[in-house]
Amino acid sequence: MFDRDVELFLYYQDTHQPSAVVEAGVATAPSDSLMRNPVVMISLYPEFPEEVMSSMATQGEFVFVMDRSGSMSGMMRGKEAQNRIESAKDTLLLLLKSLPMGCYFNIYGFGSRFKSFFPKSVEYNQDKMDQALKEVKEMRADMGGTEILQPLKHIYSQPCIPEHPRQLFIFTDGAVGNTKEVLDLVKSHAHSHRCFSFGIGEGASTALITGLAREGSGHAQFITGSERMQPKVMESLRFALQPIVSNISVDWTLPEGVTAETVAPPIDVLFQGQRTLIYAQLKGNSLGGSEGSVTVKYNLNSQPVTNQLHFCIKPTEETGLVVHRLAARTMIRSLEQKERSSAESESLRSSIVELSVQAGVSSVHTAFIGINKDTKQTVKGPLQQRRVPTYERTSDYHYFYPPQAERREKRCYRLAPPERREKLCYRSAPPDDRMREHCNFASRRERREKLCYRSAPPDWLSFDCVDDEVETQGSEDCVAEKSVCNRLPLRKAAPELQQDLLLPLVSLQKASGCWELDAALAAVLGKTEDELTNQKPAQVDGSVWATLLALIWLYSWRKEQQVEWQFVAQKAAAWITSEKVGDLSQCVCVGNVLLGCQVTKDSLGI
């Protein structure tokens, strides 16, 4: 019995290398169909010139649009899950600390109405950042429904800031009733901004989230299950800090008699560090061992860039039609998007169904059905609905039960003698708690009662031990029950989970990228302020020393979360460099000894 989802991790062998796969089609498929002809899949991994990337480091207008509807008070999943609005607030803290000096920013909250932190985007500095962080702390999921059209209209009514491309970040956990109108609005302003969208939870509208990114030439992310929001958002910030790619073209060079017909719409967005896939159907009679090539050209910050890949066009046999089905999926999704906004929906629907059936790839108009292997007949019958009582673990101390089950379990718990009550609690406890206590369950009453308390919902522990219906009976069971309950604290506050120190450390960083040498920083680093001050090398001042210690701590104790603090560290390293304090090798050595770390100066980027 699995107690969690099965996760399969796949890793590319040569992550940054472009590649091509040509797959043979099915000879029995209809003539000239996608499944009949060979299909080539081109995998590109664009690399932008370093001089272009560095020139954009302080440019941009960043507008964060956060869903504050009532549903954002719901819980994320995971053992130490927050509710969605709290996770969003932590994400905004990380974003605000990661922005470069010299850019512009603003934050909107929306529900049935909307409000912005500032009347218009303001320049990023210490005062504005502090003001925004104060507002973030006060954010609540208290703005009603999910209406995103009006805040978007307000944002687009604001003039763009010269030399600062607008980057729009939209967070929502729901859907809207006017998706087409919203997407049309984003599309009409695609020339002036990029849109990065984030779907929070399983209830987020796929059509809205993917459509926002598609029409806004950005990138869509979904945060589902137990995934954390911060890594995905910071990945999109990395894309947003890259220059805009324009005038993208794809040219094929193939042997005479062979042509390539690209599947799905042309590429309209490229990001460094993000894989781009191109599917094309190859037509012609001379598909032997000849070589072909594909050339992708684009403009990057007004500079022309060319990426070219050579490949053998001889089709690969016995591949299970994986590439064909991936191409078909891409083509089906493109047709579905056209269908939603086209008057010729019937012809598009017919094309979708035909391709879906040929390729064995589901669509909005098709579905898989069961077939009896012996009779080759479709399995038919009425749909059956079965209710399975479950509980959702929202914290280590609190469970949501179905109402009837909750009342039944609570009554059993109250009326049962002590040994029976302990078994009830043991049975109700999550598997990991049961396993942890199992060995000592029968021998140690203190540990058993601890498990009993931990497994019971809080309101089980606040009732009077003698039930009204049995109080007059004066049974020994009730007396025994009261004696055990008296040993259990009523409504004891749940202990706080061990705090992750990453966000407290990041919250202390100044907008310029430095930290101050004070008691707050010392507490995060596990030292006293005197310990930090006494070990400070004479060649550096307090801020440089504090910033250096923060970097050493990040690279030593939070290396696995680097995607979340990479821009925080880049700002810190750039600030230290700007201070021109000379060689810091000795300072890094002293910091390593103080914090018990082993990092090198070069690894810190200074």
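Structure shown above.
In what follows, the accompanying structure is described. (Residues numbered from 1 in each chain as written. Predicted model: local features only at pLDDT ≥ 70, side-chain atom pairs only at ≥ 80, totals over all residues. Heavy atoms only, no water.)

Quick word on the overall build of the protein chain
Let me state the cut-off plainly: Segments assigned H or I by DSSP are reported as helices when at least four residues long, segments assigned E as strands when at least two residues long, and all are numbered from the N terminus. The cut-offs for exposure are 20% and 50% of the maximum accessible area for each residue type, with area from a 1.4 Å probe on protein chains only; residues under the lower value are buried, those over the upper are exposed, and the others partly exposed. Only heavy atoms matter for contacts: two residues are in contact if any of them lie within 4.5 Å across the pair. The protein chains shown are the only cover counted for residues, whose accessible areas, like all others here, come from Shrake-Rupley with a 1.4 Å probe.
The secondary structure content of the protein chain amounts to 20 helices and 16 strands. Among the 606 residues that make up the protein chain, the fraction classed as buried is 45%. For the protein chain, contacts bridging at least 24 residues in sequence account for 69% of all contacts bridging at least 6. Approximately 32200 Å² of the protein chain is accessible, and the part contributed by carbon and sulfur atoms is 50%.

Notes on the layout of surface pockets
In plain terms, the rule: The pocket and cavity definitions rest on a 1 Å grid over protein atoms only: a 1.4 Å probe that fits but cannot leave marks a cavity, an open set with protein on both sides within 12 Å along at least five of seven lines marks a pocket, and residues lining either have an atom within 4 Å of a point. Grid points are joined across faces, edges and corners, and a volume is the space filled by probe spheres set on the points.
Roughly 2100 Å³ of volume is contained in the largest pocket. If you trace the largest pocket, you find 45 residues lining it, with Thr210, Arg214, Pro265, Thr330 and Gln337 closest to the centre. Going through the elements one at a time, helix 5 (179-188), helix 6 (206-215), strand 9 (220-223), strand 10 (245-253), strand 12 (276-283) and helix 8 (322-340) are the ones with two or more residues in the lining of the largest pocket. Here the element with the most residues in the lining of the largest pocket is helix 8; it accounts for nine residues.

Re the packing of helix 18 (residues 542-557) against helix 20 (residues 585-595)
The line we're drawing: Only the contacting stretch of a helix is used when fitting its axis, a line to C-alpha atoms as for every element, and angles between N-to-C directions run 0 to 180 degrees. In these notes the angle categories are as follows: under 35 degrees is roughly parallel, over 145 is roughly antiparallel, 65 to 115 is roughly perpendicular, and the rest is oblique. Two helices cross in a left-handed way if the nearer one is turned anticlockwise from the farther one by less than a right angle. They cross in a right-handed way if the turn is clockwise.
The contact between helix 18 and helix 20 brings their axes to 10 Å, and the two run at 60 degrees. In this view, helix 18 runs oblique relative to helix 20, as classed from their interaxial angle. The chirality of how helix 18 crosses helix 20 is right-handed. Seen from helix 18, the contacting residues are Trp545, Leu548, Leu549, Ile552, Trp553 and Trp557; seen from helix 20, they are Cys587, Val588, Val590, Gly591, Asn592, Leu594 and Leu595.

Concerning the packing of aromatic side chains
Rules: Aromatic contacts are taken between Phe, Tyr and Trp rings whose centres are within 6.5 Å, Trp giving its six-membered ring; a plane angle under 30 degrees counts as stacked, one over 60 as edge-to-face, and the others as tilted.
The final tally for this structure, using the stated rule, is eleven aromatic pairs. Each ring, one from Trp252 and one from Phe311, has its centre 6.3 Å from the other, and the planes form 90 degrees; the classification is edge-to-face. With a gap of 59 residues between them, Trp252 in strand 10 and Phe311 in strand 14 (residues 303-312) connect regions that are remote in the sequence. Exposure remark for Phe311: the relative accessible area of 5% places this residue in the buried category. Feature note: the residues Phe64, Phe169, Phe171, Phe196, Phe198, Phe239 and Phe271 constitute an aromatic cluster, connected by ring pairs.

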